[in-house]
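# Structure at a glance
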Amino acid sequence: MSLSERIQDFPLQRTSTPLGEVAYRSAGSVGQPIWVLLHGIGSASGSWLAQLQAAQQSGVRILAWDAPGYGQSTPVKPAQPKASDYAARVWAWLDALGCQQVHLVGHSLGCLMASAAAQAQPERVKHLWLLAPAAGYGLADPQVRARKLQERLEKLQTLGPAGMAAQRASAMLSPAASAEQLAWVEHTMAQVIPAGYTQASQMLAGDDLATYLRGLSCPVDVACGQADRITPAQGCAELAAGLGLPFHLLGEVGHACPLEASERVNDLLFTTASEGA
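In this text the structure is predicted, and so the values were computed from the model without any measurement.

### Some remarks on the environment of S2
- In this fold, S2 is placed in the segment before helix 1 (3-6).
- Taking C-alpha positions, S2 is 7.8 Å from E180, a pair spaced 178 residues apart along the chain.
- At a separation of 3.0 Å, a polar atom in the side chain of S2 contacts the side chain of S4.

Right, dumping it as structure tokens:
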């Protein structure tokens with residue numbers, strides 16, 4: 001069965017919040033520990049397929065959203081949003097679903113959103129996991145920020161989502177990734193909505209991950225693949241070391257580690273579930 005067929009086991013759902021609609025996928029049963037998964041800038045809820053599949057066996061409930069401006073989720077309001085704008089939608093969504101305490105997992109740009117959510121309501125976060133975290137350019141020189149943003153948006157405008165996906169998908173994975181994994185990453189990236197991607201790009205250019213992490217009271221762990229060309233392992237390790245956080249290497253895998261290193265990622269994320277976390 002192909003990955004595109006397997007994701008059909010986890011159909012998209014929608015819920016209304018005071019801040020807008022949120023589309024998401026879920027797995028596991030109500031009453032189990034809740035794990036909230038926030039995808040990266042070129043991804044979507046389907047990027048967490050391997051984690052959704054592992055939910056029942058791991059004894060957890062998973063909620064994986066399409067971020068605001070992605071899929072059927074309503075965009076955030078500011079044209080140049082901060083991670084805190086996405087964090088507000090996280091909690092509005094979880095409030096609408098009646099979720100109180102959760103484990104938060106971010107991948108790439110989703111780490112900024114997850115960290116901002118943890119800072120906003122730390123009492124509701126049992127554990128924060130940052131997979132291949134994008135640090136943001138908020139503290140960089142203004143010219144660097146402007147250049148990074150312009151490069152990303154010009155590529156989107158020139159190539160369109162499908163062309164961008166065809167060009168960038170291979171960079172998300174290691175050379176050892178399967179053809180099926182590459183096709184899934186490309187398919188997912190090709191579905192991004194330009195307006196939502198543009199807002200997320202503005203957030204990446206103007207915000208800073210470490211700012212949200214300093215002083216957090218919940219446990220925080222950082223993990224990354226050794227073959228990651230987008231958020232290289234050295235930079236992720238330095239981020240963790242600078243904040244005194246545990247760091248985990250996921251093996252010779254690329255940036256799309258929830259897919260390419262699914263067994264290792266699932267083991268890291270869900271080991272505390274059996275302890276009743």
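### Quick look at helix 5 (residues 142-168)
- Over its 27 residues, helix 5 extends only 25 Å from the first C-alpha to the last, a length that falls short of the 39 Å expected when each residue adds 1.5 Å.
- Of all the bends in helix 5, the greatest, near 105°, is centred on G160, and the proline P161 appears no more than four residues after it.
- Where helix 5 is buried, its residues touch helix 6 (179-190) and helix 7 (194-206).
- Looking at where helix 5 begins, the residue whose side-chain oxygen comes 2.8 Å from the main-chain nitrogen of Q143 is D141.

### Notes on the pairing of strand 5 (residues 102-107)
- A large share of strand 5 lies buried, amounting to six of its six residues.
- Of the two faces of strand 5, both are covered, the one formed by V102, L104 and G106 as well as the one formed by H103, V105 and H107.
- In this structure, strand 3 (residues 34-38) lies alongside strand 5, joined through four bridges in parallel fashion. When the sheet's bridge partners are listed, L37 is paired in strand 5 with V105.
- Examined bridge by bridge, strand 5 and strand 6 (residues 125-131) share six bridges and lie parallel to one another. If you follow L104 over to strand 6, its bridge partner there is L128.

### Some thoughts on the pairing of strand 4 (residues 61-66)
- Most of strand 4 sits out of view: six of its six residues are buried.
- The alternating pattern of strand 4 places R61, L63 and W65 on one face and I62, A64 and D66 on the opposite face, and all of these are buried.
- Note that strand 2 (residues 20-27) and strand 4 share five bridges and pair antiparallel. Paired with Y24 across the two strands is W65, which belongs to strand 4.
- Alignment of strand 3 against strand 4, held across four bridges, turns out to be parallel. When the bridges of strand 4 are listed, L37 appears paired with A64.
- Tracing the backbone out of strand 3, into helix 2 (residues 49-58) and back to the parallel element strand 4 gives a crossover that is right-handed.

### Brief notes about the packing of aromatic side chains
- One pass over the structure, following the stated rule, counts three aromatic pairs.
- An angle of 55° between the planes, with centres 5.6 Å apart, marks the rings of Y24 and W93 as tilted. Remark: W93 occurs in helix 3 (residues 83-96) and Y24 occurs in strand 2; sequence separation between them is 69 residues. When sorted by exposure, Y24 lands in the same class as W93, which is buried.

### Considerations on unusual backbone geometry
- A positive phi angle, near 55°, is found at S108, a position not held by glycine.
- Unlike most non-glycine residues, A132 shows phi in positive territory, near 45°.
- Residue position: A132 is located in the loop between strand 6 and helix 5.

### Observations regarding the side chain of S43
- Secondary-structure assignment places S43 in the loop between strand 3 and helix 2.
- A relative accessible area of 7% places S43 in the buried class.
- Leaving out residues up to four positions away in the same chain, S43 has contacts with Y70, M172 and T188.

### Regarding the nonpolar core
- Formed by 91 residues in total, the largest nonpolar core has its most connected members in W35, W65, L94, L104 and L128.
- Dropping the residues within four chain positions of it, L104 is found in contact with V36, W91, A114, A117, A118, V125, H127, L128 and W129.

### A look at the side chain of S262
- Position of S262 relative to the elements: it lies in helix 11 (residues 262-270).
- In contact with S262, not counting residues within four places along its chain, are A50, Q51 and C257.

Rules and cut-offs
- Residues numbered from 1 in each chain as written.
- Predicted model: local features only at pLDDT ≥ 70, side-chain atom pairs only at ≥ 80, totals over all residues.
- Heavy atoms only, no water.
- Helix = DSSP H or I, 4+ residues; strand = E, 2+ residues; numbered from the N terminus.
- Polar contact = N/O pair within 3.5 Å; in protein donor to acceptor, adjacent residues only side chain to side chain.
- Expected span 1.5 Å × (residues − 1).
- Bend = angle between axes of the 7 residues up to and from the residue.
- Contact = heavy atoms within 4.5 Å.
- Buried < 20%, exposed > 50% of the residue type's maximum accessible area, 1.4 Å probe, protein only.
- Pairing = 2+ DSSP bridges.
- Right-handed = clockwise from strand over helix to strand, strands pointing away.
- Phe/Tyr/Trp six-rings, centres within 6.5 Å; stacked < 30°, edge-to-face > 60°.
- Core = buried A, V, L, I, M, F, W, Y, C linked by side-chain atoms within 4.5 Å.

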